[in-house]
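Below are the chains, spelled out letter by letter.
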Amino acid sequence: MNRHVIQTDDSIDDARLQRITDSLDRLRHFGDLTTWRCEGGYIALDIPLMLADAVQRGSGARRDIELRLLTGYLLPQLERIPPQLMEHALDSEYAGDGGDYQRLVALACRELLERHS
């Protein structure tokens, strides 16, 4: 018997929500989450200040590693952002490629730490 699994929009949404929830749980292991909102508030990311600080204080390869780690944890949140909003948030830094996620996370870290200093 040939069985096909058909995913409904609801099951896809449920799976996406579960990925975000799991990601937030992993991020909480690094401390309390702080919400960053881009100008206009159309994008919000929940980020532990400890990791934002590690990205900002790092330099060279160490910073790149910290940024990639945090971007990986935030990927379920980042994937839900439409390209138009990403372009608005990044302005001239927007390239329309996968590197936009890291550029947005770097921006979020910088602005969070400026706000908390």
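For clarity, every value in this text was computed on a predicted model and none was experimentally measured. (Residues numbered from 1 in each chain as written. Predicted model: local features only at pLDDT ≥ 70, side-chain atom pairs only at ≥ 80, totals over all residues. Heavy atoms only, no water.)

Helix and strand counts for the protein come out as five helices and two strands. Its helices and strands in sequence order give the protein the pattern α-β-β-α-α-α-α, from N to C terminus. Across its three principal axes, the protein shows a C-alpha extent of roughly 60 × 35 × 30 Å. Per-residue burial over the protein gives 32% buried out of 117 residues. For the protein, the share of sequence-separated contacts (at least 6 apart) that also reach a separation of at least 24 residues comes to 55%. Of the accessible surface of the protein, which amounts to about 7,600 Å², a share of 48% is contributed by carbon and sulfur atoms. In the protein, the 14 positive side-chain charges and the 20 negative ones have mean positions that sit 5 Å from each other. (Helix = DSSP H or I, 4+ residues; strand = E, 2+ residues; numbered from the N terminus. Buried < 20%, exposed > 50% of the residue type's maximum accessible area, 1.4 Å probe, protein only. Contact = heavy atoms within 4.5 Å. Areas by Shrake-Rupley, 256 points an atom, 1.4 Å probe, with all protein chains shown as cover. Lys, Arg positive; Asp, Glu negative; His and termini not counted. Charge placed at Lys NZ, Arg CZ, Asp CG, Glu CD.)

Helix length check: helix α5 (residues 99-115), at 17 residues, gives a terminal C-alpha distance of 24 Å against a target of 24 Å (1.5 Å per residue), a fit within 8%. Residues Asp100, Leu104, Val105, Ala106, Leu107, Ala108, Cys109 and Leu112 constitute the buried set of α5. Where α5 is buried, its residues contact β1 (33-37), β2 (44-48), α2 (49-57), α3 (60-78) and α4 (83-90). (Expected span 1.5 Å × (residues − 1).)

In this model, Asp91 sits at a positive phi of 55°, which is unusual for a non-glycine residue. On the secondary structure map, Asp91 appears in the loop between α4 and α5.

Let us now look at the nonpolar core. The biggest cluster of nonpolar side chains holds 27 residues, and the ones touching the most others in it are Trp36, Ile43, Leu45, Ile47, Leu70 and Leu104. When residues of this core are traced back to their parent elements, those giving at least two are α1 (9-28), β2, α2, α3, α4 and α5. Looking at this core element by element, the count peaks at seven residues for α5. Not counting residues within four places of it along the chain, the set of residues in contact with Ile47 comprises Asp32, Leu33, Thr34, Ala52, Leu70, Leu74, Ala108 and Leu112. (Core = buried A, V, L, I, M, F, W, Y, C linked by side-chain atoms within 4.5 Å.)

The buried fraction of β2 is high, at four of five residues. Pairing between β1 and β2: five bridges, direction antiparallel. Bridge pairing in β2 links Thr34 to Ile47. Where β1 folds back on β2, the antiparallel hairpin that results is connected by six residues, among which Gly40 adopts a positive phi of roughly 95°. (Pairing = 2+ DSSP bridges.)

Scope: geometric values only; no functional claims are made or implied.
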